[in-house]
Amino acid sequence: EYTITENPEQDIPVKLVRAAAKIKLNISSTVKDYHISDVQWKLINYNTNTTIFAGQTADPSIIPDNNTWSPAASAEDEKGNKVFTVTTYSYSTQWETQKTMPQIVAKVNFKYKDNSKTDILKELNIPVRDPQGDKKLDRNYIYTVNAVIKYLDTNTHIDYDGKEDYLQWQIAKWTVGE
């Protein structure tokens, strides 16, 4: 609420929020004798249309797949293991099915410890939020997915009706400086 006065200079308080949702993915591995050497990624089913102010609605413009692969950044954790990270953005969106939910598609390359075995490439479709939760992304929130790949000889595809022990999701309000 603000009342306009006759004063020629006025400070009008405005509450600003970010227009997008921030999406973060951390991929690491505990596979025996293998390490991740490279991760390429792309975001699918994301929204490219929004409104200037929160609380208004805009017709979504969903990009199902832009076919653009990008390299993930990498760093080492406190134990010296490589962790690959992705940070990307989408405007607010809602979906009905797992086929239309926003996901990060990751091509994860595993190398054997002494290079005596052929590399193993896994392609993972990782939902940006828990498939059992709300089917929406809200502006001004951070959606974090931690993916720890534990085995190469088992199915690592997402079971949308069950619990995946290698995926964990977190949702936090996007605050200053993040």
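The rules behind these values
Every chain is numbered independently, its residues counted from 1 as its sequence is written. A pLDDT threshold of at least 70 governs which residues receive local features in this predicted model, and a stricter bar of 80 or more applies before side-chain atom pairs are shown or counted, although totals over entire chains, interfaces and linings include all residues. Calculated side-chain values reflect all of the structure's heavy atoms, with hydrogen atoms and water omitted. A run of H or I in DSSP becomes a helix once it reaches four residues, and a run of E becomes a strand once it reaches two; helices and strands are each numbered from the N terminus. Here the globule rule reads 2.2 Å times residues to the power 0.38, and the radius of gyration is calculated from C-alpha atoms. Stacked, edge-to-face and tilted labels apply to pairs of Phe, Tyr and Trp rings (six-membered ring for Trp) whose centres lie within 6.5 Å, assigned for plane angles under 30 degrees, over 60, and everything in between, in that order. Each residue gets one of three labels from its accessible area relative to the maximum for its type: buried under 20%, exposed over 50%, partly exposed in between, using a 1.4 Å probe on protein chains only. A pair of strands is treated as paired once DSSP finds two or more bridges between them. Contacts between residues were defined by any pair of non-hydrogen atoms, one from each residue, lying within 4.5 Å. Counted as a polar contact is a pair of N or O atoms within 3.5 Å, where, for protein atoms, one must be capable of donating a hydrogen and the other of accepting one, and residues adjacent in sequence contribute only when both atoms are in side chains. Each reported salt bridge corresponds to a side-chain nitrogen of Lys or Arg within 4 Å of a carboxyl oxygen of Asp or Glu. Buried residues of nine kinds, namely Ala, Val, Leu, Ile, Met, Phe, Trp, Tyr and Cys, make up a nonpolar core once their side-chain atoms join them within 4.5 Å.

## Quick look at the overall build of the protein chain
Thinking step 1. Secondary structure assignment for the protein chain yields zero helices and 13 strands.
Thinking step 2. From first element to last, N terminus to C terminus, the protein chain shows the α and β order β-β-β-β-β-β-β-β-β-β-β-β-β.
Thinking step 3. For the protein chain, whose C-alpha radius of gyration is 20 Å, the value lies well above the compact-globule estimate of 16 Å for 178 residues.
Thinking step 4. Seen through its principal axes, the protein chain has C-alpha atoms that stretch 80 × 35 × 30 Å.

## Details of the packing of aromatic side chains
Geometrically, a pair of aromatic rings is defined through the distance of the ring centres and the angle of the planes.
Thinking step 1. According to the stated counting rule, one finds two aromatic pairs in the structure shown.
Thinking step 2. Taking 6.0 Å as the distance between ring centres and 20° as the angle between the ring planes, the aromatic pair formed by Y89 and W174 counts as stacked. With a gap of 85 residues between them, Y89 in strand 7 (residues 82-91) and W174 in the segment after strand 13 (167-173) connect regions that are remote in the sequence.
Thinking step 3. W174 gets classed as buried once you look at its relative accessible area, which sits at 9%.

## Here's the deal with the sheet that holds strand 9 (residues 103-112)
Strand pairing in a sheet relies on backbone hydrogen bonds. The paired strands run either parallel or antiparallel.
Thinking step 1. Ordered by their spatial adjacency, four strands build an open sheet running 5-2-9-10, and the pairing between neighbours is antiparallel. For this open sheet the edge positions go to strand 5 (70-71) and strand 10 (120-127), each flanked by a neighbour on one side alone.
Thinking step 2. Bridge analysis of strand 9 against strand 10 gives eight bridges, and the strand direction is antiparallel. Looking across to strand 10, one finds that I104 is bridged to I126.

## As for the environment of K111
Thinking step 1. Locating K111 in the fold gives a position in strand 9.
Thinking step 2. For K111, a relative accessible area of 27% corresponds to the partly exposed category.
Thinking step 3. What K111 contacts, discounting residues up to four positions off in sequence, is D33, Y34, H35, S37 and D119.
Thinking step 4. Here the side chain of K111 touches D119 through a polar contact of 3.0 Å, side chain to side chain.

## Quick notes on the pattern of salt bridges
It is possible for side chains of opposite charge to pair when their charged atoms get near one another.
Thinking step 1. Counted by the stated rule, this structure contains four salt bridges.
Thinking step 2. With a closest N to O distance of 2.9 Å, D65 and K42 form a salt bridge. Placement of D65 in the loop between strand 4 (62-63) and strand 5 and of K42 in strand 2 (residues 34-44) is noted, with a sequence separation of 23 residues between them.
Thinking step 3. For K42, a relative accessible area of 9% corresponds to the buried category.

## Things to note about the pairing of strand 1 (residues 20-29)
Thinking step 1. Among the 10 residues of strand 1, eight are classified as buried, and the element is accordingly described as predominantly covered.
Thinking step 2. Summarising the sheet, strand 1 and strand 12 (residues 141-149) pair through eight bridges and their orientation is parallel. Each bridged residue has a counterpart across the sheet, and for I27 the counterpart in strand 12 is A147.

## Things to note about the nonpolar core
In a soluble, globular protein the nonpolar side chains are often hidden away together inside.
Thinking step 1. Residues L25, I27, V39, I104, V108, F110 and I126 are the most contacted members of the largest nonpolar core, which totals 32 residues.
Thinking step 2. Elements with a contribution of two residues or more to this core: strand 1, strand 2, strand 7, strand 9, strand 10 and strand 12.
Thinking step 3. Those residues in contact with I104 that lie beyond four places of it in its chain are I23, L25, W41, K42, L43, V86, T88, L124, N125, I126 and V128.

## As for the environment of S92
Thinking step 1. Following the sequence through the fold, S92 ends up in the loop between strand 7 and strand 8 (93-94).
Thinking step 2. For S92, a relative accessible area of 27% gives the class partly exposed.
Thinking step 3. For the pair S92 and I62, spaced 30 residues apart in sequence, the C-alpha to C-alpha distance is 10 Å.
Thinking step 4. Aside from chain neighbours lying at most four places away, what touches S92 is N47, L137, D138 and R139.
Thinking step 5. Among the polar contacts made by the side chain of S92, one reaches the main-chain amide nitrogen of R139 at a distance of 3.0 Å.

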